[in-house]
Amino acid sequence: MKYSVNANPPGVGKTFNEKKNIINNKLKAAIFSKEHALLNEYESLPYSKHVRGFKHTCELIENNEVKRLIGEDIPPSLICGHMGCDLKCEYHRQFKRIRLLLSPLNYFNSNKIDLDKYEFILIDENVDGSRELTYNKEELKKEVNKLQWLALWEAIDSMDIEWLIDNTIKINRMIMIKNEEILKSNTNIIRLNIDDLINFIMIDNAYEINKPSYPYPDIFDIFKKGRDIRLLSATFDLSVFNKLLERYRREFDPLLECEIIVEQEPQSSKSLIIRVGNSHHYKSTMRKSLDKYDLYLKQIRKLHGVHCQICVLTYKEFVKDGKFFGVPAFWFGANKGVNLYEHYDVLVVFGSFIYDINGYKELHELIYPGQLAPDPGEVDLNNAFGVMLPVNGKYNVLWQKFVETQTYDAIHRVRPLRYIRTIYCFGYVPHKLMLELEYRTMLEETL
Ligand SMILES: [Zn+2]
């Protein structure tokens, strides 16, 4: 398997180049992203079709019964069966006969899309999320009881992975039939995801310690397809990728061969990134004297003039209705609306994004699920990164790979490599940005 990764920063024309490649080579492509806004940018490709979720395509969406079932989180296929549209509605039809597919990433693994039909698969999005897989016997038993299938329960109870794999198709069909019946009188359907269950058991089997839950990184779904795939990911990190690959081999397939090609060109721009003062403006500090930040903004407004477009990046708790003291604002960790901020001339960053101790432990779980997370220890303020970090060095690496990249990604929303921007940082400046942009420092008093 071959993964090529375009890891150039946002705003240097990654999407443009991919489109050119698809057109020039007349590729039969499938393009996935978590963001419809990104998929929209591919709509100009000839023969492309942008598929959408149930709520945007179901013709009966105004029907009260459909609304109720969506509210109860009933899967679309069951709703369709229940409403008698026989999978012939627009939601199901849209997946048929597509030459160039533009799809939300959550359909990547669904049986609605046959990846074998495409010669080029592109994922335009950082694939770095994870979800929790759990094994709760009582909950499982409750669900299996609705099916009244003893052999299935025995397999789950004894974690008989072979039986479960051999019978996956049959189990899913039985659940579907039973659920259609249940849905006629109530919405207490069987909620049993057999793939997740198999994944859980495979992970659990790989380790000595038994845990009730494991984080499952979404990149595993991609490994499992056994296909060459191209990724566009500005925050791609080869060492994290290799750690997850090691995990995958241990848990799922020791023989998985994987070739990784990372493309990354050094970037530079005349945009300015200015570190103001040397305080980190942590949440608790900001809370104590929030009005001060309004004054900083007014000063910056004076420096740049009334016509200048200013936006703010800060902690979520300080953003109210998309604003911070009347200025458009977004927060650390938000990953919606990637293109919303690309027209602002000035970005003011208030704060230094860090994780709390539990956040670090969760990261540790993701990379080393079979080990107990070490005690992070006291906070070290005199480290190479210059922010509050646990003394235990293992967490510092995780911080750099996961947490710093989030701030990096957020600041890139104003596209400082494509346009000339000014970024004021009241807090930590990610190292990579110091290299890409012109880095300066200034005192708070001289602002
Ligand atoms: Zn339907």
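From a predicted model like this one, the values you see are computed outputs, not experimental measurements.

Q: Could you clarify how one ought to interpret the overall build of the chain in this entry?
A: When helices and strands are tallied, the chain shows 18 helices and 18 strands. Once the C-alpha set of the chain is aligned to its principal axes, its extents read approximately 75 × 55 × 45 Å. Here the chain holds 447 residues, and 29% of them are scored as buried. Put simply, of all contacts in the chain between residues at least 6 apart along the chain, 74% involve residues at least 24 apart.

Q: Hey, could you run me through the sheet that holds strand β8 (residues 229-232) in this one?
A: Spatially, 7 strands are ordered β3-β4-β2-β5-β8-β1-β9 in an open sheet, and the strand pairing comes out parallel. The open sheet terminates on both sides in strands that have one partner only, identified here as β3 (48-50) and β9 (259-263). Geometrically, the sheet is characterised by an average inter-axis angle of 20° between neighbouring strands, direction not taken into account. Examined bridge by bridge, strand β1 (residues 2-6) and β8 share 4 bridges and lie parallel to one another. In the sheet register, S4 faces β8, and the bridge partner there is R230. Of the strands in this sheet, β1, β2 (29-33), β5 (120-124) and β8 are in contact with helix α1 (residues 14-24), which crosses β5 at around 170°.

Q: Please explain the domain arrangement of the chain as it appears in this structure.
A: For the chain, the assigned domains read domain 1 (2-51 + 95-129 + 218-263), domain 2 (133-213) and domain 3 (272-446). Each side of the interface is counted separately: domain 1 has 14 residues, and domain 3 has 14 residues. Taken together, the residues of the side of domain 1 that touches domain 3 sort by class into 7 nonpolar, 3 polar and 4 charged.

Q: Teacher, can you tell me more about the pairing of β8 here?
A: Remember that side chains alternate between the two faces of the sheet whenever the strand is regular. Burial along β8 is two-sided: the face carrying I229 and L231 and the face carrying R230 and L232 are both buried. The pairing of β5 with β8 spans 3 bridges and is classified as parallel. By the bridge assignment for β8, D124 is matched with L232.

Q: How should I be thinking about the sheet that holds strand β14 (residues 346-350) in this particular structure?
A: Read from one edge to the other, the open sheet built from 7 strands follows the order β12-β13-β11-β14-β17-β10-β18, with strand pairing classed as mixed. The sheet is open, and its two edges are formed by β12 (323-324) and β18 (438-442), each paired on a single side. Where β14 meets strand β17 (residues 422-426), 5 bridges bridge the pair, whose relative direction is parallel. What sits directly across from V349, in β17, is C425. Against the sheet, helix α15 (residues 291-304) touches β11 (310-314), β13 (327-331), β14 and β17, its axis set at about 160° to β14.

Q: What is the right way to read helix α5 (residues 76-83) from this model?
A: Owing to its 3.6 residues per turn, the α-helix brings residues three or four apart onto one side. Listing the buried residues of α5 in full gives P76, I79 and C80. Looking straight down α5, one finds its buried side chains confined to an arc of 100°; they lie on one side. In this structure, the buried residues of α5 make contact with α3 (54-57), α4 (64-71) and α6 (90-93). Directly after α5, the chain includes G84, whose backbone phi takes a positive value near 80°.

Conventions used here
- Residues numbered from 1 in each chain as written.
- Predicted model: local features only at pLDDT ≥ 70, side-chain atom pairs only at ≥ 80, totals over all residues.
- Helix = DSSP H or I, 4+ residues; strand = E, 2+ residues; numbered from the N terminus.
- Buried ≥ 20, exposed ≤ 12 C-beta atoms within 10 Å, placed from the backbone.
- Contact = placed C-beta atoms within 7 Å.
- Pairing = 2+ DSSP bridges.
- Axes fitted to C-alpha atoms, helices over the stretch in contact; angles between N-to-C directions.
- Domains from an automatic or database assignment.
- Nonpolar A, V, L, I, M, F, W, Y, C, P; charged D, E, K, R; others polar.
- Arc of directions from axis to C-beta.

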